[in-house]
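As a plain string of letters, each chain reads:
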Amino acid sequence: MDKFVTLTSNIVPIPTRNIDTDQIIPARFLKATTREGFGENLFRDWRYDDAGSPKPDFILNQTGIAGKILVAGRNFGCGSSREHAAWAIYDYGFKVVVSSFFADIFKNNALNNGLLPVQISDPFLQTIFEMQEKNPGLELTIDLEDQTITIVGTDKQEKFDISPYKKYCLSQGYDDIDYLINQQDKIEAYEKSST
């Protein structure tokens, strides 16, 4: 996984509430067991019609809309517990998802796969959507160390919560196995001291 410290990027807004994991990555695309290649089917049924042609009104198909921060409506990642949803978002190129509420399993899956879920208040989320509507080039800065999200060019900022362990792992580019491997000397020293 990539190390995450600070990210400033344009946003991709999807203000829909209750986006479930089947909308993020439909079940028919869950045949692979590795993380690569899921991004091409992210929001598949929203992005493409039955003939496989891009739907021009969907945000990911619009010219000039690009960024590493997905901003979504409340209750993002609800539904089934598929880890593939986090894989698809990360594989597409997003590093952060911002919402005012995340389903717990999705939130954990995201953190375990290098994707930072930033939970903010409903009013701040609404402010982001309103400002982006007026300025499609709106940028956010996500500072993991300070645990802040800032609307670039303004004094609008909020703090977000993250577990200290997951914060450390993201800042180092570690998954859980990488973390344990990095602690190997300490583990071996402890084992020797307790025998």
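Above: the structure in question.
Computed from a predicted model, the values in this text were never measured in an experiment.

Pairing in this open sheet of seven strands is mixed, and the strands run β4-β3-β2-β1-β5-β6-β7 from one edge to the other. Strand pairing shows two members of the sheet lacking a second neighbour, β4 (116-119) and β7 (157-159), which therefore form its edges. For this sheet, the mean angle separating the axes of adjacent strands, direction not counted, is 25°. Judged from the three bridges that link them, strand β6 (residues 148-151) and β7 form a sheet pairing that is antiparallel. Bridge pairing in β7 places Thr148 opposite Lys159.

Further remarks concern the packing of aromatic side chains. Counted by the stated rule, this structure contains nine aromatic pairs. Ring geometry for Phe38 and Trp87: centres 5.6 Å apart, planes at 55°, overall tilted. Residue Phe38 is located in the loop between α1 (21-24) and α2 (44-47), and its partner Trp87 is located in helix α3 (residues 84-92); the two are separated by 49 residues in the primary sequence. Here Tyr168 and Tyr174 contribute two aromatic rings whose centre-to-centre distance is 6.2 Å and whose plane-to-plane angle is 70°, an arrangement assigned as edge-to-face. We classify Tyr168 as partly exposed; its relative accessible area is 33%. Using a relative accessible area of 17% as the deciding quantity, one classes Tyr174 as buried. Joined through ring pairs, the aromatic side chains of Phe43, Trp46 and Phe58 make up one cluster. Its end group placed over the ring of Tyr48, Arg44 keeps NZ or CZ at 4.4 Å from the ring centre. The residue whose ring lies beneath Lys95 is Tyr90, and the NZ or CZ to ring-centre distance is 4.2 Å.

Calculation rules
Residues numbered from 1 in each chain as written. Predicted model: local features only at pLDDT ≥ 70, side-chain atom pairs only at ≥ 80, totals over all residues. Heavy atoms only, no water. Pairing = 2+ DSSP bridges. Helix = DSSP H or I, 4+ residues; strand = E, 2+ residues; numbered from the N terminus. Axes fitted to C-alpha atoms, helices over the stretch in contact; angles between N-to-C directions. Phe/Tyr/Trp six-rings, centres within 6.5 Å; stacked < 30°, edge-to-face > 60°. Buried < 20%, exposed > 50% of the residue type's maximum accessible area, 1.4 Å probe, protein only. Lys NZ or Arg CZ within 6 Å of the ring centre and 35° of its normal.

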